[in-house]
Structure formats: C-alpha cells, structure tokens
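So you can see what is in the structure, the chains are spelled out below.
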Amino acid sequence: MRENVLHLKAPGNWINDPNGFIYYDGWYHLFFQHFPYAPVWGTMHWGHAVSRDLVHWKHLGIAVFPTKSYDRNGVFSGSAIERGGELCLYYSAVRYLKENPENIHCAPEGGFETSQAMITSSDGFHFENWKDKRQIIPVIHNREMADPADTRDPKVWREMGRYYMVLGSTWEKKQGQAVFFISEDGEHWEFLSRQPKEAFGHTLECPDLFRVGDQRILLGSPMGVMKDGLEYPSNAMGWRAEFQPETGKLELLGEGQLVDCGMDLYAPQTTLDREGRRVMIAWMRMPKAAEPENSEDGLPWNGMMCLPRVVEVKDGHIYFRVHPEVEKHFAPAAAAEMTVLMEGWKEQGRGMGIFRIKTKLPEGEGLNIGGYRIWREDGAIKTDRSQVFQGISGYRTCFSTPQVEGECRLDIFVEPNLIEIFVNEGEYVLSSVVYDMKPFVEGKADSWYVFS
Ligand code: FRU
C-alpha cells in the first residue's frame, strides 16, 4: 500500500479536512474527506491512513462511504473516540433534496439537509458500512437549535463521565455558531446549547474544543471572515475559551489568532498523542492539482495535510510547535545537497527530498527558496510566493506574521508543494502551498538538514 512521509497527501484525486484523528490501539488513525474519482471536491467519503509515529503514513483506502438514505450524498467531516475498546467515528451525513442533473456530486444552492451519524469498528481497520452505521441526531428543523443544512462536523469528547459534541453551524446563514449536544452513552444525544459569536463569520465549520493544561482552546474555521474579495474567505482561527459543561455556555477570551499566518491551512483537528500531548493536523488547500509526474502512480492529486503540530499555551498565546517525532527524522547536511535534492524532485516522486533550514533572521535579511521569498521587515516575517504560484489568479501571494519581539529563529520545512515556517518554536507558523520551485536556495541560512 502507498506510503507517505511527514505530510499525508491525497492518495490520488481529492482530499480535504482531516477527520477521526486518534491514537487507538497502538496506531495513529487519520481519516480525511476524500473524493476518489477526480481531483475536485465531490460526494464525500472518508479515506483512511495509519501511522505508528505521525511521520510514516500508510494509505488504507476508503473506510466510510455513502450507503444509507441519510448519507447518500456525502460522509462529511467528523471525529473519533474510543468507547469500551471500540473505535467510534462520528460524521455529518448529507442528503441532497434536489439533484443537479449535470453534476450529481454537488447540491444546488440550499438543496441539502444534514444529520449526524456514527459508525463503530471493533479494531479500527474494518468498517461495515451497511451494518454498523446509525443516525444519531436527525436533521434539525428547529430554528432555536440549529440549521437543517449547515450544521456539521461533530467533534466528540468525554468529560465528567459524559460525552459532549460540538458542531459548527449558522444562524440563518448570517451568524456562525457552535452547537453543543450531550450524551450519557455516546449514542443518544440531547441538545445542550447554541453559541453564536461574531467571530464565527456567517457559518462555523470544524470546531474543536479541548484543554491544554487548565486552558480550554477552541479551534474553528469561520466562513466569510476575509473581506478582501480573494479566494479562501474562510480561515482557521484559535481562541482561548471558557466552557461551562453544565449549561453549554461558551466564552471566547480575546480576539483569537490565526492558526497559520499563510492562510492556506484549514479545518484543523486535534487529538492526544501517545504521550498525552495535544497534536493538531490540518488540510493545506491547493488551488490546483499537483504535477502528475510528482506522484507515485501518475494520478493527479489535490490536497495534503500540514506537519503534525503540538498545541501549547504560554502567556495567553497559542503556540503550534513542530511535533517531536518530526524533529527526530532530520540529519545535518551540506548546503550543496539542497540543490541536488530539488533537482531530483520531479523524478523521485512526492514526499521525497524533504529538507529543513534553520536560520536567525535579523531585520532586513532574508532568503529565497526556489523562488519563495522570506524576509524580516518591521520586526515581522514576510513571504512572497508569486514566483512559485504562477498562472493562479485570485489568491493571496504575500503574507506576514504579526511583529515578533527580539530574536527571530526560523525553522523551515521544504518539500515540492509546501513550505512551513515555524517562527520562534511555534510562536507563529506561516505555511504556503507552492508550485514549480526552481532548484536553488539563496540568502541567510544557518544550518541544513535532510529527512532521514
Ligand atoms: C470544511 C468542510 C466541512 C465539511 C467538509 C465537506 O472544509 O466544508 O464543514 O464537513 O468540508 O467536505
């Protein structure tokens, strides 16, 4: 079966959000939104990959696919828990009310309804799509609770002997809201609360509420928050939060922050790793499929996951650090090796030739990686991808972190379609999808590492 290292990529054709991310019975399981027939979004399935270490991933094919009337048009995003030794996957089940005769894979505007469903598996590897699914929250037709179409992406957790579920939703397509349900057994659910927030755009997607130490964090993807008229008006945000389990009241503390300053990252999902750290993975949106020659089997592919990142909080700020398992796999190398690696990208296939650069960037200095420019200006780290994003219009090309106080240590991971810059051990991260990088690195780099 196909293997990926570091970044999980579409096994061919399309993927989006990470789903059902969990460490279960000795394996990391990562499911994902998958359209297996073309490199575009369409009727959703859950693809499945597993890893022992969050670094080496094995694709296992499709785990969950439409079989029921309620999920006939898509198995949308959701999450996983372990319950009494079983793996439980929660997802949003989509059914179209009208059909587009020219494209059965997309609903005409407003023409669908959503319920919440689950499927259980006794080992995490076998899924009986006909036998082991059940609809657990039928379509909601009560405006005082949630929207019948846009209420989705159940994230389930256990707390104080009960199960909680948070869903992304909207109030009249005007105001994003988080919706909470509660359950004694993980199967029978009761509505707990609806929490509209200005910060949730017109619709909230993929909320994830968890604790890091004593601090609750909410990650979510509010729609329609970027007002510059460019693509990706929705973006992943993180907030420190307070949540009252008894009443379902949610409070956001402060303005919130971008999960990634590159703004390609979307729909982050977290779980606890083997050591109990909170680890996050998210979808890197790609405006076009990657080069077919940069693929093992010649299939076009669109969509990949970011590096696993550990979520921490310090002085009220959320950090996203490189996961320690990733750190283990890089060995020092000579500068000249980078160009050789980059020259080999086309032949070697995807995932090969990943390298890493560390550098301290003083004001005014920078580097250029294959056409991707990184520099420090007014204290902030800025990037410009216009040279490695050619022929793609309507998307952002220039990015910036907020101003960084004092020293600025960059830890940069580079592979053919993705550059991830960790600033000061995850104080900020700025990641960009890129295409057709040229084989060179210029400017201020202090040390070099290759994947080993
Ligand atoms: C986020 C999202 C989710 C939904 C899924 C469908 O990218 O829109 O809200 O469940 O993708 O693929």
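Use the structure listed above.
Now for a quick tour of the structure. (Residues numbered from 1 in each chain as written. Predicted model: local features only at pLDDT ≥ 70, side-chain atom pairs only at ≥ 80, totals over all residues. Heavy atoms only, no water.)

With that settled, the discussion passes to the overall build of the protein. When helices and strands are counted, the protein shows 3 helices and 34 strands. Taken over the C-alpha trace, the protein has a radius of gyration of 21 Å; the compact-globule value for 452 residues is 22 Å, and the two agree within 12%. In terms of principal-axis extent, the alpha carbons of the protein reach across some 60 × 45 × 45 Å. Residues classed as buried in the protein amount to 61% of the 452 residues present. By sequence separation, contacts in the protein at least 24 residues apart represent 57% of the contacts at least 6 residues apart. For the protein, the exposed surface amounts to about 17,300 Å²; the carbon and sulfur share of it is 50%. Each charge class in the protein can be summarised by its mean position, and for the 48 positive and 64 negative side chains these summaries are 2 Å apart. (Helix = DSSP H or I, 4+ residues; strand = E, 2+ residues; numbered from the N terminus. Rg over C-alpha atoms; globule rule 2.2 N^0.38 Å. Buried < 20%, exposed > 50% of the residue type's maximum accessible area, 1.4 Å probe, protein only. Contact = heavy atoms within 4.5 Å. Areas by Shrake-Rupley, 256 points an atom, 1.4 Å probe, with all protein chains shown as cover. Lys, Arg positive; Asp, Glu negative; His and termini not counted. Charge placed at Lys NZ, Arg CZ, Asp CG, Glu CD.)

Another point: the pairing of strand β12 (residues 175-183). Burial of β12 is extensive: 9 of the 9 residues sit out of reach of the surface. Side-chain alternation along β12 places Q175, Q177, V179, F181 and S183 on one buried face and G176, A178, F180 and I182 on a second face that is also buried. Pairing analysis gives 9 bridges linking strand β11 (residues 162-171) to β12, with the strands arranged antiparallel. Counted as the bridge partner of M165 is F181 from β12. Pairing geometry for β12 and strand β13 (residues 189-196), over 7 bridges, is antiparallel. From the neighbouring strand, Q177 faces β13, where its bridge partner is P196. Counting the residues that bridge the hairpin from β12 to β13 gives 5 residues, and of these G186 lies at a positive phi of roughly 80 degrees. (Pairing = 2+ DSSP bridges.)

Within the secondary structure, E113 sits in strand β8 (residues 112-121). Ignoring any residue separated from it by four or fewer positions in sequence, one finds E113 in contact with A93, V94, R95, L97, V139, H141, P148 and A149.

This next bit is on the pairing of strand β15 (residues 215-223). For β15, the tally of buried residues reaches 7 of 9 residues, placing the bulk of the element in the interior. Pairing geometry for strand β14 (residues 203-212) and β15, over 8 bridges, is antiparallel. Bridge assignment links T203 to a residue of β15, and that residue is M223. Between β14 and β15, which pair antiparallel and follow one another directly, the connecting turn spans 2 residues, one of which, G213, has a positive phi of 60 degrees. Across 5 bridges, the pairing between β15 and strand β16 (residues 237-244) is antiparallel. Note on β16: the bridge partner recorded for L219 is G238.

Once that is clear, we can look at the site of the ligand. Around the ligand sit N16, D17, Q33, W41, M44, F76, S77, R152, D153, E205, Y266 and W283, and that is every residue in its neighbourhood. At a separation of 3.1 Å, an oxygen atom of the ligand approaches a polar side-chain atom of N16. At 2.5 Å from an oxygen atom of the ligand is found a side-chain nitrogen or oxygen belonging to D153. Its free accessible area being 310 Å², the ligand has 91% of it covered by the protein chains. In a pocket analysis with a 2 Å cut-off to the grid points, the ligand is assigned to the largest pocket. Where the shell around the ligand is concerned, the elements lending two or more residues are β2 (13-24), β6 (74-83) and β10 (152-159). For the shell around the ligand, the per-class residue count stands at 5 nonpolar, 3 polar and 4 charged. (Near = heavy atom within 4 Å. Polar contact = N/O pair within 3.5 Å; in protein donor to acceptor, adjacent residues only side chain to side chain. 1 Å grid on protein atoms, 1.4 Å probe; cavity = no way out; pocket = protein on both sides within 12 Å on 5 of 7 lines; lining within 4 Å. Sits in = over half its atoms within 2 Å of the grid points. Nonpolar A, V, L, I, M, F, W, Y, C, P; charged D, E, K, R; others polar.)

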